[in-house]
Amino acid sequence: MTCAACTARVERGLNATPGVTGASVNLATERAHVTFDPALTSLRDLSARVRELGYEPLSARADLSVQGMTCAACTARVERALNRLPGVLDASVNLATERASVTYLPGAATPADLSAAVERAGYAVLTVPAPGATGAGDRAALEQAARDDHERRLERDLRVSAAFAVPLMLIAMVPMFWMPLHMALTGLTGERGLNVLMLLLATPVQFGPGRRFLRLGWAALRHRSPDMNTLVMIGTGAAYLYSLLVTLAPGLFPAGTAHVYFEASAVVITLILLGKVLEARARGRSSAAMTALLRLQPTTARVIRDGQDTDIPTADVQPGDLILVRPGERVPVDGEVQSGDSWVDESMLTGESVPVRKGAGAAVTGGTVNGAGALTFRATHVGADTALARITRLVEDAQASRPPIQGLADRVVAVFVPAVLVVAALTFLSWLILGGPQGLSHALVNTVAVLIIACPCAMGLATPTSVMVGTGRAAGLGILFRSGAALEALHRADVIALDKTGTLTLGRPELTDLILTGPQDRAAALTLIAAAERGSEHPVAQAIVNAARADGLTLPDAQDFRALPGEGIEATVNGRRVQVGSDRLMTRLGLDVTDLQARTDALADLGRTPLYAAVDGQPVAALAVADPIRPGSLEAVQFMQASGRQVVMITGDHARTAHAVARQLGVTDVRAEVHPAQKSAAVKELQADGRRVAFVGDGINDAPALAQADVGVAIGTGTDVAAETAGVILMSGDLRGVPNAVALSRATLNNIRGNLFWAFAYNVLLIPVAAGVLEPALGLRLNPVLAAAAMGLSSVFVLSNALRLRRFTPPLRGT
């Protein structure tokens, strides 16, 4: 807000919102005080209203590391707890990363309030530094330590549980393998004595390793949000209590029904713990890309102070510090080379394995690997401002975000566990009533099987693990997805709209042709022309000067330099008058360039900009300057067209130049001379008939089009504005990254679909089997032990399937 009119506008807008009884806006404090009826509106609605009015409500973001979540019902429960908190605008919880991302109003909620809400829901919050901030490596270390500790506790519980469950299972299964041994055992102890022995073996499992399910399951039930732990608690608890009653008071049960199921409860707990251990190990592999990113930055930097080399923590480096990097070392922070010459491996940044030469004036990036030479550079960006920190933050945001396809799983999970409890109750009652003499026994076994088989672990892991592995693999290829929505949207694009300058082309003109009118020396002519052009800041002039320097020419100083707007330049070099410019300048000077016209027209048809040079009133040369096509652009365009997508060029450049470049690339749909403000309209026109458009650009003038497109793709070598507007960023600037990103997007979405299909089909198919629908006709019954094994394997399958994305191979390789 900038004036009284702004405050009045916000006040009117808020007061017109249903449910608001009073709104007062203060320009000095930049605050709005609103009284409203929470039954009719919410802070989220009020915040959206302010945004509609053209202003940005101040909000903050907190990332909480949530410990103890085990399934999709857990994430839904934490989300509900956070979203119900006053001041929270949005909360998203990710089971795979074990993080909650919360956007909130700082005046209405605090990070402590958020942590308290999570803890009230029954989960623990690990306090860690914010992503991208100084200490982000500590964040990763803390989270990894928590995961390692959780895995160690699971393994310990598994060993304890297995130590009791294995002999228990053997005792229970002896009659199936060798009846004489069973008769010998019962002869020694009696049937009841054998049951007591099994009770003694089952109890340490039920209340030792199994206590985690009792504690978490009861907490979830108490909060009226039953989850996986609740199902395990009820299933194994029912089997244990039934068996306990049979052991202590067998006379309470009808003849033939007094069977014990201690082995079912103990082995089920053991198998679920085994599944959890395998799941924890697979999760560790799925987050490997994120861990690798965070470990790229060295922990120390060698800073030159008072002429001495001093090793200090990287976190203590300040902008302006002079830093020495020796051969083979990683660059600690971003900076500009002051002295030295070396080749630097930037594959962590761009995905390209070819090292890049660095000399004085070149930019270096933290996390890249220095080659054989030593470099001294001045720090420009440190801490959370480094490119590596920004990349890490983008990858974390993408992994924490939720693609639209997750909505289906969320809706199912919201009703799944309560529905399972209903199915379990109906299963028990049906078998109890219709099962005959063995009805009670069958009711118990089938009900326990239903509760165990239906644990929604796989549903909760299906989407986030694929997103985590997919975005991590993308980062390794120099492709950054800013969100799960962008990851999902890219492969759906029907039209790929491309900017020309800086996207299809390099964005920096180069001298391509120098045609002399006579037998004069090329070096002498280029020396005079470049010396005259050195006084101009125009990109074309810089291209000529760069070409002369590349040839090793020494340029003398020019005098009497004068820019001729729209025509060219003139200057005196070594006593000779040099004039360089367009055909209009030559015509005004009365110089005949007819002999060169045919050559320059042919160059213009190739998309090159022709110029003429005159020395002492005589034409001496024609020059052509062009913005070269990026390596890989032709290959990328051909691949996208071959995949059935329409490729369109949208550029502000002249139609003749645009069509010349388009001809070289095979692009037939060209929208040229489009002003920056009209680029978004051009994208909207392409979207008019329902087509989905991906726009690829690099400049500030591309930002509106990137925002208008269904998904924007920014060339990472371009401007920060373009990168901030886009949903996908190509760090290398190589256009082949676009089809690679599309292919990875498609592979990730197919992986998610496969995971969701498996998770849903597994439950749809096996819950009826567990309920015993096949038993009357086929005699098939799903033992609770097998149900537990199947439940654990479903989660491991989903995680293993997601990990396949780590082996994704891009269809196009850079050179």
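On a predicted model such as this, the values are computed, not experimentally measured, just so you know.

Draft legend 1. Geometry of the overall build of the chain. Along the chain, the regular secondary structure elements total 29 helices and 28 strands. In the chain, buried positions account for 52% of the 815 residues. The long-range fraction of contacts in the chain, counting pairs at least 24 apart against all pairs at least 6 apart in sequence, stands at 67%. When the accessible surface of the chain is summed, it comes to about 35,300 Å², and 58% of that surface belongs to carbon and sulfur atoms.

Draft legend 2. Summary view of a nonpolar patch on the surface. The grouping of Leu 429, Leu 432, Ile 433 and Leu 434 at the surface amounts to a nonpolar patch, some 440 Å² of accessible area in total. As for its position among the elements, Ile 433 is in helix H13 (residues 406-434). We classify Ile 433 as exposed; its relative accessible area is 66%.

Draft legend 3. The arrangement of the pattern of salt bridges in detail. Counted by the stated rule, this structure contains 25 salt bridges. Between Arg 562 and Glu 570 there is a salt bridge, with its nearest N and O atoms 2.5 Å apart. Given a relative accessible area of 7%, Glu 570 falls into the buried group.

Draft legend 4. Local environment of the sheet that holds strand E14 (residues 369-370). Overall, antiparallel pairing links the three strands, which are arranged E12-E11-E14 in an open sheet. The open sheet has two edge strands, strand E12 (356-358) and E14, and neither has a second partner. Pairing of strand E11 (residues 342-345) with E14, which is carried by two bridges, proceeds in the antiparallel orientation. Following the sheet pairing, Asp 345 is matched in E14 by Val 369.

Draft legend 5. Expanded view of the packing of aromatic side chains. The full count for this structure, using the stated rule, is three aromatic pairs. Ring centres of Tyr 240 and Phe 262 lie 5.8 Å apart, and the angle between their planes is 65°; this geometry places the pair in the edge-to-face category. You can see Tyr 240 sitting in helix H8 (residues 228-248) and its partner Phe 262 sitting in helix H9 (residues 262-286), a full 22 residues away along the chain. For Phe 262, a relative accessible area of 0% corresponds to the buried category. Relative to Phe 797, the ring of Trp 758 has its centre 4.6 Å away and its plane inclined at 40°; by these criteria the two rings are tilted.

Draft legend 6. Quick look at the side chain of Thr 17. As for its placement among the helices and strands, Thr 17 is situated in the loop between helix H1 (4-15) and strand E1 (20-26). According to the relative accessible area criterion, Thr 17 is buried, its value standing at 10%. In this view, Thr 17 contacts Thr 41, Leu 46 and Arg 49; residues no more than four positions away in its chain are not counted.

Draft legend 7. Examining the UniProt feature "transmembrane region" (unreviewed entry) in the chain more closely. The UniProt record annotates "transmembrane region" (unreviewed entry) at residues 160-181, 193-210, 231-253, 259-278, 412-434, 440-463, 756-774 and 786-803. Secondary structure over residues 259-278 splits into 85% helix and 0% strand, and the C-alpha atoms at its two ends are 33 Å apart. What you have in residues 786-803 is 100% helix and 0% strand, and the ends, taken at the C-alpha atoms, are 25 Å apart.

Draft legend 8. Spatial organisation of unusual backbone geometry. Even without a glycine there, the phi angle at Asp 306 is positive, about 55°. Secondary-structure assignment places Asp 306 in the loop between strand E7 (300-305) and strand E8 (308-313). Located in the positive-phi region is Asp 616, a residue other than glycine, with phi close to 55°. Overall, the relative accessible area of 43% leaves Asp 616 in the partly exposed class.

Draft legend 9. Representation of the confidence of the model for the chain. When pLDDT is averaged along the chain, the result is 82; 89% of the residues meet or exceed 70. Across residues 130-136 the pLDDT falls below 50, and counting only partners more than four positions away or on other chains, this stretch makes 17 contacts in the model.

Draft legend 10. Quick peek at the nonpolar core. Core analysis: the biggest nonpolar cluster contains 130 residues, and Leu 82, Leu 114, Phe 481, Leu 490 and Leu 498 have the highest contact counts within it. Looking at which element gives the most residues to this core, the answer is helix H27 (residues 737-771), with 15 residues. In contact with Leu 490, not counting residues within four places along its chain, are Phe 481, Ala 694, Val 711, Val 713, Val 728, Ala 741, Val 742 and Ser 745. Grouped together as the second largest cluster of nonpolar side chains are 28 residues, Leu 526, Val 545, Ala 548 and Val 615 included.

Draft legend 11. The packing of helix H15 (residues 457-476) against H27, seen in detail. Two elements in contact, H15 and H27, have axes separated by 9 Å at closest approach and are oriented at 165°. With respect to their mutual orientation, H15 and H27 come out roughly antiparallel. For the pair H15 and H27, the sense of crossing is right-handed. Contact residues: Ala 458, Met 459, Ala 462, Thr 463, Thr 465, Ser 466, Val 467, Gly 470, Arg 473 and Ala 474 in H15; Leu 744, Thr 748, Asn 751, Ile 752, Asn 755, Leu 756, Ala 759, Phe 760 and Asn 763 in H27. Taken together, the residues of the contact of H15 with H27 break down into ten nonpolar, eight polar and one charged.

Draft legend 12. Structural context of the sheet that holds strand E17 (residues 495-498). In spatial order, the strands read E16-E28-E27-E26-E17-E24-E25; together these seven strands make up an open sheet with mixed pairing. Where the open sheet ends on each side, the last strands, each with one partner, are strand E16 (479-481) and strand E25 (669-671). Between one strand and the next, the sheet's axes are offset by a mean angle of 20°, whatever the strand orientation. In terms of strand pairing, E16 meets strand E28 (residues 728-730) through three bridges, oriented antiparallel. Considered in E28, the bridge of Phe 481 is made with Val 728. The strands touched by H27 are E16, E17, strand E26 (693-697), strand E27 (711-715) and E28; relative to E16, the strand with the most contacts, the crossing angle is about 50°.

Draft legend 13. A look at helix H23 (residues 655-665). The set of residues buried in H23 consists of Thr 657, Ala 658, Ala 660, Val 661, Ala 662 and Leu 665. Backbone geometry just after H23 places Gly 666 at a positive phi near 80°.

Cut-offs used in this document
Residues numbered from 1 in each chain as written. Predicted model: local features only at pLDDT ≥ 70, side-chain atom pairs only at ≥ 80, totals over all residues. Heavy atoms only, no water. Helix = DSSP H or I, 4+ residues; strand = E, 2+ residues; numbered from the N terminus. Buried < 20%, exposed > 50% of the residue type's maximum accessible area, 1.4 Å probe, protein only. Contact = heavy atoms within 4.5 Å. Areas by Shrake-Rupley, 256 points an atom, 1.4 Å probe, with all protein chains shown as cover. Patch = residues over 30% accessible without salt bridge, like charges linked within 9 Å, V, L, I, M, F, W, Y side chains within 5 Å. Salt bridge = Lys/Arg side-chain N within 4 Å of Asp/Glu carboxyl O. Pairing = 2+ DSSP bridges. Phe/Tyr/Trp six-rings, centres within 6.5 Å; stacked < 30°, edge-to-face > 60°. UniProt positions renumbered as here; feature names shortened; annotations may be inferred. pLDDT = per-residue confidence, 0-100. Core = buried A, V, L, I, M, F, W, Y, C linked by side-chain atoms within 4.5 Å. Axes fitted to C-alpha atoms, helices over the stretch in contact; angles between N-to-C directions. Parallel < 35°, antiparallel > 145°, perpendicular 65-115°, else oblique. Left-handed = near helix turned anticlockwise from the far one by under 90°. Nonpolar A, V, L, I, M, F, W, Y, C, P; charged D, E, K, R; others polar.

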